[in-house]
Amino acid sequence: MSLRVDTPSHTRVRRFGRTQKWVHRATAALMGVCVVTAACLYVPQFAELVGRRELVVRIHEWAGLALPVPALAGLASRAFRADLGFLNRFGPHDRVWLWAALHRDKRRSSRPAGKFNAGQKVYASWIAGASLVMLGTGLLMWFTHLTPIQWRTSATFVHDWLALTIGIVLAGHIGMALGDPEARRGLRMGEVSQEWAEREHPLWRP
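This section reports on the structure supplied with the text. Just so you know, these numbers come straight off a predicted model, no measurement behind them.

**Points about the overall build of the chain**
Stage number 1. Across its full length, the chain carries ten helices and two strands.
Stage number 2. What you see in the chain, going N to C, is helices and strands ordered as β-α-α-α-α-α-α-α-α-α-β-α.
Stage number 3. Here the C-alpha radius of gyration of the chain, 21 Å, is well above what a compact globule of 206 residues would show, namely 17 Å.
Stage number 4. Seen through its C-alpha atoms, the chain measures out along the principal axes to roughly 85 × 35 × 35 Å.
Stage number 5. Within the chain, buried positions represent 31% of all 206 residues.

As structure tokens, this is what we get:
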């Protein structure tokens, strides 16, 4: 008589720890406040609905100032620093992934990826740089007595148009997240299925 050991049909692997999840949620919340308050400041219909422009301006300013805080606090975690290292490191497989994405090659074999694919790395780098530019131009607009009028005018121009670009990119980011429930589960619960990890991130070794 043989004994049969039942094994779970869906093995799960750990993708993110507590710190990574907290940093992502806090940053997303602050970014959401910045986007919503910006819409209330620049879209007349929203401005009329909300009113109290001075309060909206203050919330927008303080949310923008606080935006880098979650990531800076996360640097205390070794796991978070390791993930930043993965995001900041491009390899030959990332060039292959980008080439396939640009040529609309949707075969999984043509898109090799480690823990983060090349698209995620490009997005993370771009949004980090854009946020720093928004912070710098926002400070120039806030402290008007410290800079010449030409600087403030240029800062306003860059701030406004970059804000529109960030809104479009964030919409794309959210749209892609909505299309991948398992990726969302990884950020929400910290775990993903092994099947998903092997299919979407074949070079990742949890």
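**Observations regarding the packing of aromatic side chains**
Stage number 1. Under the counting rule described, the total for this entry stands at four aromatic pairs.
Stage number 2. The interplanar angle of 50° and the centroid separation of 6.5 Å between the aromatic rings of phenylalanine 157 and tryptophan 161 together place this pair among those described as tilted. On the criterion of helical spacing, the pair formed by phenylalanine 157 and tryptophan 161 is a turn pair, its members being four residues apart in helix α8 (residues 149-178).
Stage number 3. Lying across the ring of tryptophan 204, arginine 15 places its NZ or CZ 5.0 Å from the centre.
Stage number 4. Positioned over the ring face of phenylalanine 90 is lysine 121, at 5.6 Å from the centre of the ring.

**Some words on the pattern of salt bridges**
Stage number 1. Across all of its chains, the model carries eight salt bridges by this definition.
Stage number 2. One salt bridge in this structure joins glutamate 54 and arginine 58, with 2.8 Å as the shortest N-O distance. Here glutamate 54 pairs with arginine 58, and both are found in helix α3 (residues 53-66), just four residues apart, close to one helical turn.
Stage number 3. A single salt-bridge network, built from bridges that share partners, covers Glu54, Arg58 and Glu61.

**A short note on the side chain of arginine 15**
Stage number 1. Note on placement: arginine 15 falls in the loop between β1 (12-14) and α1 (18-42).
Stage number 2. Among the polar contacts made by the side chain of arginine 15, one reaches the main-chain carbonyl oxygen of lysine 115 at a distance of 2.6 Å.

**What to know about the side chain of lysine 21**
Stage number 1. Structurally, the position occupied by lysine 21 is in helix α1.
Stage number 2. Glutamate 191 provides the closest opposite charge to the buried, unpaired lysine 21, separated from it by 8.5 Å.
Stage number 3. Not counting residues up to four positions away in its chain, the partners in contact with lysine 21 are Phe16, Leu187, Arg188, Met189 and Gly190.

Procedures and definitions
Residues numbered from 1 in each chain as written. Predicted model: local features only at pLDDT ≥ 70, side-chain atom pairs only at ≥ 80, totals over all residues. Heavy atoms only, no water. Helix = DSSP H or I, 4+ residues; strand = E, 2+ residues; numbered from the N terminus. Rg over C-alpha atoms; globule rule 2.2 N^0.38 Å. Buried < 20%, exposed > 50% of the residue type's maximum accessible area, 1.4 Å probe, protein only. Phe/Tyr/Trp six-rings, centres within 6.5 Å; stacked < 30°, edge-to-face > 60°. Lys NZ or Arg CZ within 6 Å of the ring centre and 35° of its normal. Salt bridge = Lys/Arg side-chain N within 4 Å of Asp/Glu carboxyl O. Polar contact = N/O pair within 3.5 Å; in protein donor to acceptor, adjacent residues only side chain to side chain. Lys, Arg positive; Asp, Glu negative; His and termini not counted. Contact = heavy atoms within 4.5 Å.

The values reported here are purely geometric and, on their own, carry no functional implication.
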